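Each chain, letter by letter, is given below.
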Amino acid sequence: MLNSMPSYAHSITSRLPQVGTTIFSVMSALAQQHQAVNLSQGFPDFDAPAELLSLLDQHAKAGHNQYAPMTGVPALREAIAAKVNALYGAQYDVEAEVTVTAGATQALFTAVAAMVHPGDEVIVFTPVYDSYGPSIELQGGKVVYAHLTLPDYKPDWDEVARLITPRTRMIMLNTPHNPTGTVWTAEDMQRLIALVRDTDIVLVSDEVYEHMVFDQARHESVMRYPELAERSFVVSSFGKTYHITGWKVAYCLAPRELMAEFRKAHQFIVFTVHAPSQYALADFMKRPGWYEQLKALYQGKRDIFRQALSGSRFELLPCQGTYFQCVKYGAISDEGDRAFVERLTREQGVAAIPVSAFYPQGDDHGVIRFCFAKSAATLEKALERLIKL
Ligand code: PMP
Ligand code: GLN
């Protein structure tokens with residue numbers, strides 16, 4: 001800023017006084033600064049499928065470069081509706097109940113903006129993905145925290161029952177769960193059904209890791225349960241599924257009355273989403289076998305990662321899904337998790353995320369998160385360093 005400019009800092013009343021820069025940006029920047037292997041921010045270091053990239057090129061050259069329809073390109077909405085029907089037996093109307101969004105972040109934000117009135121309470125589960133709280137607070141909502149606790153981070157449904165009040169407008173859930181890798185079970189879904197029955201509570205179900213569920217477990221989408229689906233915004237992201245986090249294309253599904261409200265907000269938050277990507281994804285989604293391949297890919301990486309660390313001083317926590325592995329490092333250091341990951345990045349050349357960043361008060365349980373969505377060579381390099389500690 002020019003020295004001669006007056007400062008208006010004194011007149012700013014922050015809407016988000018407690019919020020700084022997201023930990024994902026902070027740690028990726030630190031990794032870059034120290035040329036560390038970046039296992040912090042969740043993104044693959046390998047490229048998207050070549051066929052998808054050439055479809056993008058093809059559609060850009062075919063002139064799909066103007067505004068897409070506000071709700072999304074019809075062929076993509078059709079492909080999404082067909083997918084959730086095939087996988088979860090869910091039926092969504094292509095015209096009225098499917099909307100393409102600029103990433104899951106925007107879909108989550110929009111669902112909250114559309115539904116939450118000032119003073120409404122929204123229950124989230126800590127550790128919680130960092131965008132949820134600020135989205136709620138920006139609408140004047142009150143964030144209410146339920147706790148997922150170590151070591152298995154399973155929901156405590158009796159606690160959730162105690163947290164529900166007449167002001168509870170929404171519950172935001174996330175399975176498979178970032179950062180803990182916990183996957184909710186059919187029993188969890190039954191507990192949720194019992195809790196919301198006879199209430200007006202709306203659900204936002206963040207299912208961006210839906211295809212990364214390992215071993216014999218099954219992804220418990222709210223879409224499998226009509227009693228949940230009827231009150232849910234379901235969010236998933238192509239970023240995770242096709243190794244294209246930088247495209248920022250995702251989607252939201254909801255029954256028509258809920259989706260009508262969602263679209264009222266969506267049209268003024270982003271209006272519409274990058275058109276050529278939508279056409280490319282619509283074509284690519286027709287390809288069979290992708291989801292099984294993706295699961296096998298990440299399950300293999302999880303196994304390699306865990307196998308290597310099992311001989312180290314890190315204590316592995318369970319990982320049933322996602323592309324994240326959480327570990328305790330108490331046998332290596334008694335530092336706080338933030339200090340530990342910063343030193344790990346600087347001195348050992350491996351970056352990770354301190355899980356305290358997923359708690360509103362920064363609760364520190366001595367747990368850090370590694371992202372294993374990396375090439376074999378990257379993982380090998382990181383693991384070589386980690387097992388020496
Ligand atoms: N929800 C969760 C649980 C996530 O981990 C992420 C991103 N990794 C998002 C939402 C946001 O996804 P997108 O990049 O599509 O905005
Ligand atoms: N969701 C990714 C993660 O958990 C990061 C997304 C972001 O950087 N905002 O690491």
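Residues numbered from 1 in each chain as written. Chains lettered and ligands numbered in written order. Predicted model: local features only at pLDDT ≥ 70, side-chain atom pairs only at ≥ 80, totals over all residues. Heavy atoms only, no water.

1. Remarks on unusual backbone geometry
Phase 1: The omega angle of the peptide bond from T126 to P127 is 0°, so this bond is cis rather than trans.
Phase 2: Cis geometry marks the peptide bond from L150 to P151, where omega comes out at 0°.
Phase 3: Structurally, P151 can be placed in the loop between β4 (142-147) and α6 (157-163).
Phase 4: Non-glycine residue Y153 carries a positive phi angle of around 55°.
Phase 5: If you trace the backbone, Y153 turns up in the loop between β4 and α6.
Phase 6: Backbone geometry at D198 places phi at a positive 65°, although glycine is not the residue there. (Helix = DSSP H or I, 4+ residues; strand = E, 2+ residues; numbered from the N terminus.)

2. Comments concerning the site of ligand 1
Phase 1: Within the structure, ligand 1 sits among 13 residues, and T105, D206, Y209, K240 and K248 are positioned closest to it.
Phase 2: Within the contact set of ligand 1, an oxygen atom lies 2.7 Å away from a backbone nitrogen or oxygen of A104.
Phase 3: For ligand 1, the protein covers 93% of the area, taking 400 Å² as the surface of the free molecule.
Phase 4: With 4 residues, the top contributor of residues to the shell around ligand 1 is helix α4 (residues 103-115). (Near = heavy atom within 4 Å. Polar contact = N/O pair within 3.5 Å; in protein donor to acceptor, adjacent residues only side chain to side chain. Areas by Shrake-Rupley, 256 points an atom, 1.4 Å probe, with all protein chains shown as cover.)

3. Examining the sheet that holds strand β13 (residues 367-371)
Phase 1: The sheet built from 4 strands is open, its strands ordered β9-β10-β13-β12 with antiparallel pairing. Strand pairing shows two members of the sheet lacking a second neighbour, β9 (315-316) and β12 (353-354), which therefore form its edges.
Phase 2: Where β12 meets β13, 2 bridges bridge the pair, whose relative direction is antiparallel. By the bridge assignment, I353 is partnered in β13 with R369.
Phase 3: Of the strands in this sheet, β12 and β13 are in contact with helix α13 (residues 337-348), which crosses β13 at around 40°. (Pairing = 2+ DSSP bridges. Contact = heavy atoms within 4.5 Å. Axes fitted to C-alpha atoms, helices over the stretch in contact; angles between N-to-C directions.)

4. Focus: the pairing of strand β8 (residues 250-253)
For a regular strand, side-chain orientation follows a simple rule: the groups alternate between the two sheet faces.
Phase 1: Burial of β8 is two-sided: the residues A250 and C252 facing one way and the residues Y251 and L253 facing the other way are all buried.
Phase 2: Two strands pair when backbone bridges link them, and strand β2 (residues 98-101) and β8 are joined in this way by 4 bridges, in the antiparallel orientation. Bridging across to β8, V98 finds its partner in L253.
Phase 3: Two strands pair when backbone bridges link them, and strand β7 (residues 232-237) and β8 are joined in this way by 4 bridges, in the antiparallel orientation. Pairing of V235 across the sheet is with C252, part of β8. (Buried < 20%, exposed > 50% of the residue type's maximum accessible area, 1.4 Å probe, protein only.)

5. Some details on the nonpolar core
Phase 1: Of all hydrophobic cores here, the largest spans 125 residues; its most connected members are M172, F233, F238, Y242, F314, I368 and F370.
Phase 2: Look past the residues within four positions of Y242 in its chain and what remains in contact with it is A48, P49, L52, L281, F284, M285, W290 and Y291. (Core = buried A, V, L, I, M, F, W, Y, C linked by side-chain atoms within 4.5 Å.)

6. So, the pattern of salt bridges
Phase 1: Within the structure shown, the criterion is met by 15 salt bridges.
Phase 2: A salt bridge links R343 to E335, with the nearest nitrogen and oxygen atoms 2.8 Å apart.
Phase 3: Under the relative-accessibility criterion, R343 is labelled partly exposed at 26%.
Phase 4: Here R338 ties to E342 by a salt bridge, and the two come within 3.6 Å at their closest N and O atoms. Residue R338 and its partner E342 are both found in helix α13; the two are separated by 4 residues, about one turn of the helix. (Salt bridge = Lys/Arg side-chain N within 4 Å of Asp/Glu carboxyl O.)

7. Let's talk about the confidence of the model for the protein
Phase 1: On average, residues of the protein carry a pLDDT of 97, and 99% of them reach 70 or more.
Phase 2: No element of the protein has a lower mean pLDDT than helix α1 (residues 23-33), at 96, and none a higher one than strand β6 (residues 202-206), at 99. (pLDDT = per-residue confidence, 0-100.)

8. So, helix α12 (residues 290-310)
Phase 1: For α12, with 21 residues, the first-to-last C-alpha span of 30 Å sits near the 30 Å given by 1.5 Å per residue.
Phase 2: Every buried residue of α12 is accounted for by W290, Y291, L294, Y298, Q299, K301, R302, F305 and L309. Looking down the long axis of α12, one finds its buried residues gathered within 165° of arc, a one-sided arrangement. Exposed residues lying more than 90 degrees from the buried face of α12 are E292, I304 and Q307. (Expected span 1.5 Å × (residues − 1). Arc of directions from axis to C-beta.)

9. What about the side chain of D206?
Phase 1: Along the chain, D206 falls in strand β6.
Phase 2: Among buried charged residues, D206 stands out as having no salt bridge; its nearest opposite-charge side chain is K240, 8.2 Å away.
Phase 3: A polar atom in the side chain of D206 sits 2.7 Å from the side chain of Y132.
Phase 4: When sequence neighbours within four positions are dropped, the list of residues in contact with D206 reads L108, Y132, L173, N174, T175 and V235. (Lys, Arg positive; Asp, Glu negative; His and termini not counted.)

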